[in-house]
Amino acid sequence: MKFVSTQLSYFFSDPQVRRNVRSLLKYLAFLGVVIAVYAVLFHVIMLEVEGQQHSWITGLYWTLTVMSTLGFGDITFHSDLGRVFSIVVLLSGIVLLLIVLPFAFIRFFYAPWLESQLRMRAPRRVPPGTEGHVVLCAYDSIAPGLIRRLEQEGVPYFVLEPDPAVAASRHFDGVSVVTGELDSRTTYEALHLNRARLVFANREDTTNTNLILTVRELEPSVPVVAVASEEDAVDVLQLSGATHVLPLKKWLGEQLASRVNALHAHAHPVGRYGDLLIAELPVHRTPLAGKTVRETRLRQISGVSIIGVWERGRLLAARPELRLGSASVLVVIGTEEQLSTLDDLFFIYDVNPNPVLVIGGGRVGAAAARALREREVPVHLVERDAAVSKRVRAVCDRVFTGDASDYDLLRRAGILEAPSVVLTTNDDAMNIYLAAYCRKLNPELRIVSRITHERNLEAIHRAGADFVLSYASLGVEAVYSILKGKELLVLGEGIDLFALPLPRSLAGKTLAETGIGARTGLTVIALRRNGELNTRLSASTVLTPDTELLMLGDLQQRQEFEALFGNGP
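Predicted model, so just to flag it, every value in this text is computed and none were measured.

A. Region of the structure containing the overall build of the chain. A count of helices and strands for the chain gives 22 helices and 23 strands. For a compact globule of 569 residues, the expected C-alpha radius of gyration is about 25 Å, and the chain comes in at 34 Å, more than 25% above that figure. Taken along the three principal axes of its C-alpha coordinates, the chain extends 120 × 60 × 50 Å. Taken across its 569 residues, the chain has 51% of its residues classed as buried.

See the structure below:
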């Protein structure tokens, strides 16, 4: 009984439910009046026209049997007036009892009751004893990928959802969720912020500011990572108390800009691991095109190690016999001095002095154009919206206003001579179309693109894109890097650098004997032992105990590795 009373109390606490119930009661009262009028008219017609005497109970009984279409037939009219009255009662009963009443009951009572039952099942606090967890303030495009990464690492998480119905739906889908108001101290007390590992504020800038202030009022020391949609919001979020602010759209544009071929050949650093830098070196229009990895002799010449090769969006293991094409991009690792030596070797090769073409002038496109201009790379930008074109004119050499699918416009913008094109529209279908179109117009073009949905990754690579990165994956990598206390490393969509302890089953074997690459698709790029990093690996390198493997690959390949070899010594 206590549980039922609690449910009823929660059900009737909603003002909309109370209004619905009042509407249902008004209809029932109207229905009762109609039945009473019909019962009185039954007596009048039976007495004055038919000459029959019946009780009031009989009148109510007849009215209900006719209105409900049961029609037992034990009481009938014999006059025309009585039969017309019976037809009216029957038709009104069909409408009022069989159509309107069920609809009103479901609409005003049963559906809200089921919804309240669903809302009550949404968790309102984290389980007792929870600690070291991550709080996500929204289930946005970043959340699914971050949740997969946290689950892989065994880090507990909870998504904060203010709508109990949505929270209950997420809960049934297997997402760890807590419902509560975003600006309520009670909500964050229920999340045990004093024992949380990190709070991820991933809502709009104004809401993030409010919830950060609420979090800081309750727990001043918990790390808070906030996403800034607008660059102007960075300072506001920092002043509100955010430990880290992520202007992801600006970063996405800069990451895309760092992957273009322009001016002279050189290595583009994409991240750091310890004292070593990881960089990408395009092979296009350099003497490396056509050679095998062994024939490049980059390790002997500059000291860097080739740890992977990008081929049209696919990361391949740097096998010695792998032959490099004109579209290949080497992934190398080395010290700053070694990369500087590498740049000195290839700076003399003029890749293409023509302007890079950026399609889309939104925040991502403007950030990409600005980053290119800072590197003194000439930029042409294509934008459909005239107002946006006017706004981004200051960060480009030239702006072309019109539809990017117009051949004449693209030709005037320089698509036939451009070394690279950066696709920054937020429409995946448009980016896929433009990738295929630009590839047809200029086969030697390097195509760099953003995507919104991970499911479109294969499609845009098939269309001809060389490098693809999404807002969501960049957000996942940024938050995960902060969580792990390491520098942000962005290798490509879905590709990450894993540092895993050597499983006992692999101790004493050579790299060739393990078959890691063939069986999982992961690429072992280095070994760390006693604080020293060894990147000079070969098929005969022996794996000794207490060694940490550094490998390139995606999350599924890592799961396959752990399933095959175990996840620890």
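B. The arrangement of the side chain of Thr-187 in detail. Locating Thr-187 in the fold gives a position in helix α7 (residues 185–190). Given a relative accessible area of 7%, Thr-187 falls into the buried group. Sequence-distant contacts of Thr-187, that is, excluding residues within four places in its chain, are made with Leu-160, Gly-180 and Glu-181.

C. Structural detail: the packing of aromatic side chains. Tallying each qualifying case throughout the model produces eleven aromatic pairs. With centroids separated by 5.7 Å and ring planes inclined at 75°, the aromatic side chains of Phe-42 and Phe-77 adopt a geometry described as edge-to-face. Here Phe-42, found in helix α2 (residues 15–50), pairs with Phe-77, found in the loop between α3 (56–67) and α4 (80–120); they are 35 residues apart in sequence, far enough to count as distant. For Phe-77, a relative accessible area of 4% corresponds to the buried category.

D. Layout of the side chain of Ser-420. Tracing the sequence through the fold places Ser-420 in strand β17 (residues 420–423). At a separation of 2.7 Å, a polar atom in the side chain of Ser-420 contacts the main-chain amide nitrogen of Asn-261. With residues near it in sequence (within four places) discarded, Ser-420 still touches Val-260, Asn-261, Val-356, Leu-357, Leu-445 and Arg-446.

E. Local environment of the environment of Glu-254. Inspection of the secondary structure assignment puts Glu-254 in helix α10 (residues 248–257). Considered as a pair, Glu-254 and Ala-366 are 112 residues apart in the sequence and their alpha carbons are 9.5 Å apart. The residues contacting Glu-254, other than those within four sequence positions of it, are Ala-367 and Ala-371.

F. Inspection of the packing of helix α5 (residues 143–153) against helix α22 (residues 555–565) at higher detail. In the contact formed by α5 and α22, the axes pass within 12 Å of each other and the chain directions differ by 15°. The orientation of α5 with respect to α22, classified from their angle, is roughly parallel. Where α5 crosses over α22, the two elements pack in a sense that is left-handed. Facing α5, whose interface residues are Arg-148, Arg-149, Gln-152 and Glu-153, α22 presents Leu-555, Arg-558, Gln-559 and Glu-562. Counted by class, the contact of α5 with α22 contains one nonpolar, two polar and five charged residues.

G. Spotlight on the pattern of salt bridges. One pass over the structure, following the stated rule, counts 21 salt bridges. Across the pair Lys-484 and Glu-153 runs a salt bridge, and its minimum N-O distance is 3.6 Å. Taken as a pair, Lys-484 in helix α19 (residues 471–484) and Glu-153 in helix α5 lie far apart in primary sequence, 331 residues in all. By relative accessible area, which is 40% here, Lys-484 ends up partly exposed. Residue Glu-153 is classed as partly exposed on the basis of its relative accessible area, which comes to 24%. Its salt-bridge partner being Asp-466, residue Arg-439 comes within 2.8 Å of it at the nearest N-O pair. In this pair, Arg-439 is assigned in helix α17 (residues 428–441) and Asp-466 in the loop between α18 (457–463) and β19 (467–470), connecting sequence segments 27 residues apart. For Asp-466, a relative accessible area of 4% gives the class buried. Via salt bridges that share partners, Glu-153, Lys-484, Arg-558 and Glu-562 belong to a single interconnected network.

H. A nonpolar patch on the surface, seen in detail. A surface patch of nonpolar side chains, amounting to about 590 Å² of accessible area, comprises Ile-87, Leu-90, Leu-91, Ile-94, Val-95, Leu-98 and Ile-99. As for its placement among the helices and strands, Leu-90 is situated in helix α4.

I. Representation of a positive patch on the surface. A surface patch of like charges, here positive, comprises Arg-18, Arg-19, Arg-22 and Lys-26. As for its placement among the helices and strands, Arg-19 is situated in helix α2. Given a relative accessible area of 42%, Arg-19 falls into the partly exposed group.

J. Here's a closer look at the sheet that holds strand β11 (residues 314–316). Strand order in the open sheet formed by five strands is β8-β9-β12-β10-β11, with antiparallel pairing between adjacent strands. Looking along the sheet, the strands with just one partner apiece sit at the ends: β8 (268–273) and β11. Across the sheet, the mean angle from the axis of one strand to that of its neighbour is 25°, orientation sign disregarded. In this structure, strand β10 (residues 305–311) lies alongside β11, joined through three bridges in antiparallel fashion. Paired with Glu-311 across the strands is Arg-314, a residue of β11.

K. Structural view of the sheet that holds strand β14 (residues 356–359). Spatial ordering of the open sheet is given by β16-β15-β14-β17-β18-β19, a layout of six strands whose pairing is parallel. A strand with exactly one partner marks an edge of an open sheet, and here the two such strands are β16 (398–401) and β19. With direction set aside, neighbouring strand axes in the sheet form an average angle of 15°. Here helix α14 (residues 363–374) sits on the sheet and contacts β14, β15 (379–383), β17 and β18 (446–451); the angle it forms with β15, its principal contact strand, is near 170°.

L. Structural detail: the state of the cysteines. If you walk through the whole model with that rule in mind, you get zero disulfides. Looking at the unpaired Cys-438, the closest cysteine sulfur is the one in Cys-396, lying at 16 Å. Given the relative accessible area of 0%, Cys-438 is considered buried.

M. Expanded view of the nonpolar core. Counting residues in each nonpolar core, the largest one holds 53 residues, and the members touching the most others are Leu-136, Leu-150, Phe-200, Leu-248, Leu-256 and Leu-372. Apart from residues no more than four positions distant in its own chain, Leu-256 is found in contact with Val-364, Val-422, Thr-424, Val-448, Ser-449, Arg-450, Phe-467 and Leu-469. Within the second largest apolar cluster, 25 residues are counted, among which are Ile-359, Phe-400, Ala-413 and Leu-441.

Conventions and cut-offs
- Residues numbered from 1 in each chain as written.
- Predicted model: local features only at pLDDT ≥ 70, side-chain atom pairs only at ≥ 80, totals over all residues.
- Heavy atoms only, no water.
- Helix = DSSP H or I, 4+ residues; strand = E, 2+ residues; numbered from the N terminus.
- Rg over C-alpha atoms; globule rule 2.2 N^0.38 Å.
- Buried < 20%, exposed > 50% of the residue type's maximum accessible area, 1.4 Å probe, protein only.
- Contact = heavy atoms within 4.5 Å.
- Phe/Tyr/Trp six-rings, centres within 6.5 Å; stacked < 30°, edge-to-face > 60°.
- Polar contact = N/O pair within 3.5 Å; in protein donor to acceptor, adjacent residues only side chain to side chain.
- Axes fitted to C-alpha atoms, helices over the stretch in contact; angles between N-to-C directions.
- Parallel < 35°, antiparallel > 145°, perpendicular 65-115°, else oblique.
- Left-handed = near helix turned anticlockwise from the far one by under 90°.
- Nonpolar A, V, L, I, M, F, W, Y, C, P; charged D, E, K, R; others polar.
- Salt bridge = Lys/Arg side-chain N within 4 Å of Asp/Glu carboxyl O.
- Patch = residues over 30% accessible without salt bridge, like charges linked within 9 Å, V, L, I, M, F, W, Y side chains within 5 Å.
- Areas by Shrake-Rupley, 256 points an atom, 1.4 Å probe, with all protein chains shown as cover.
- Lys, Arg positive; Asp, Glu negative; His and termini not counted.
- Charge placed at Lys NZ, Arg CZ, Asp CG, Glu CD.
- Pairing = 2+ DSSP bridges.
- Disulfide = S-S within 2.5 Å.
- Core = buried A, V, L, I, M, F, W, Y, C linked by side-chain atoms within 4.5 Å.

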